[in-house]
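Commentary on secondary and tertiary structure
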Amino acid sequence: MHALEPSARMAAVLRTKGIAAEEATFEDWRVRAGAFRLLYAAQAWHWVGGGDRYEKAAAALAPRGVVALFWNKGRDWDGSLRRDNDAAYERYAPEMTASLGSWNLERVAEQLETSVAFEPAVTRSFTWRRTYTTEEWVRLLGTHSDHRILPSSQRTQLHAAVGEVIEAHGGAVEIVYDAELYLSRRA
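This write-up is about the structure you can find in this document. (Residues numbered from 1 in each chain as written. Predicted model: local features only at pLDDT ≥ 70, side-chain atom pairs only at ≥ 80, totals over all residues. Heavy atoms only, no water.)

With respect to the packing of helix α3 (residues 79–92) against helix α7 (residues 152–168)
Two elements in contact, α3 and α7, have axes whose closest approach is 9 Å; the angle formed by their N-to-C orientations is 165°. One element, α3, and the other, α7, form an angle in the roughly antiparallel class. Of the two elements, α3 crosses α7, and the hand of that crossing is right-handed. Counting all contacts with α3, which are made through L81, D84, N85, A88, Y89 and Y92, the residues of α7 involved are Q154, Q157, L158, A161, V162 and V165. (Axes fitted to C-alpha atoms, helices over the stretch in contact; angles between N-to-C directions. Helix = DSSP H or I, 4+ residues; strand = E, 2+ residues; numbered from the N terminus. Parallel < 35°, antiparallel > 145°, perpendicular 65-115°, else oblique. Left-handed = near helix turned anticlockwise from the far one by under 90°. Contact = heavy atoms within 4.5 Å.)

Overview of the pairing of strand β3 (residues 36–42)
As paired strands, β3 and strand β4 (residues 61–74) are joined by six bridges and run parallel to one another. Residue pairing in the sheet places Y40 in a bridge with A68 of β4. After leaving β3, the chain enters helix α2 (residues 53–60) and then returns to the sheet as β4, a path that is right-handed. (Pairing = 2+ DSSP bridges. Right-handed = clockwise from strand over helix to strand, strands pointing away.)

Concerning the environment of Y92
Inspection of the secondary structure puts Y92 in helix α3. For the pair Y92 and P120, spaced 28 residues apart in the sequence, the C-alpha separation amounts to 42 Å. Excluding residues that lie within four positions of it along the chain, Y92 makes contacts with Q154, Q157, L158 and A161.

A closer look at the pattern of salt bridges
The full count for this structure, using the stated rule, is nine salt bridges. A salt bridge links R15 to E23; the shortest N-O distance between them is 3.3 Å. You can call E23 partly exposed: its relative accessible area is 45%. For R82, the salt bridge identified is with D76, shortest N-O distance 3.6 Å. Classification of R82 as partly exposed rests on a relative accessible area of 32%. Since its relative accessible area comes to 31%, D76 is described here as partly exposed. Members of the salt-bridge network, linked through shared partners, are D76, R82 and D86. (Salt bridge = Lys/Arg side-chain N within 4 Å of Asp/Glu carboxyl O. Buried < 20%, exposed > 50% of the residue type's maximum accessible area, 1.4 Å probe, protein only.)

Function cannot be inferred from these measures alone, as they are strictly geometric.
In structure tokens form, the structure reads like this:
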């Protein structure tokens, strides 16, 4: 396995796990033509820029190699929990959506379809669940990029409000995830 990781700190963590980690973005990485049978991005492909990203991915793959792009997409909450959570976002971060399932991942399949570098995509979805305590959920929110870019004081207020919502609804929340997988072979 060869990982690309733009963060020096995260690359160091990967190395402690025995993974070869190169400190680079995909855009800045020097392609090792045909060197890989599988190229995958977990929760990250939407951050990769450049109009040639699919062609660059194909160039890194051996003939008939596969690109696998996947995300864990949380489903929206229901009922009063959703209403109360949405109210917290409306009050402290109205520019954000409180919706968990707002990503439009169908465009990934469309982009693979229009790329001459890959065959039509095969998509798969796998459902799984995880229960988070209030503390665990708020800590996880702190890792989400849309939360991380908020000013510190705004993020603190939002996370406190979301924590209060979860506490008012029993102190834990179950998230239903759909792991969305897009597979395509190099053409």
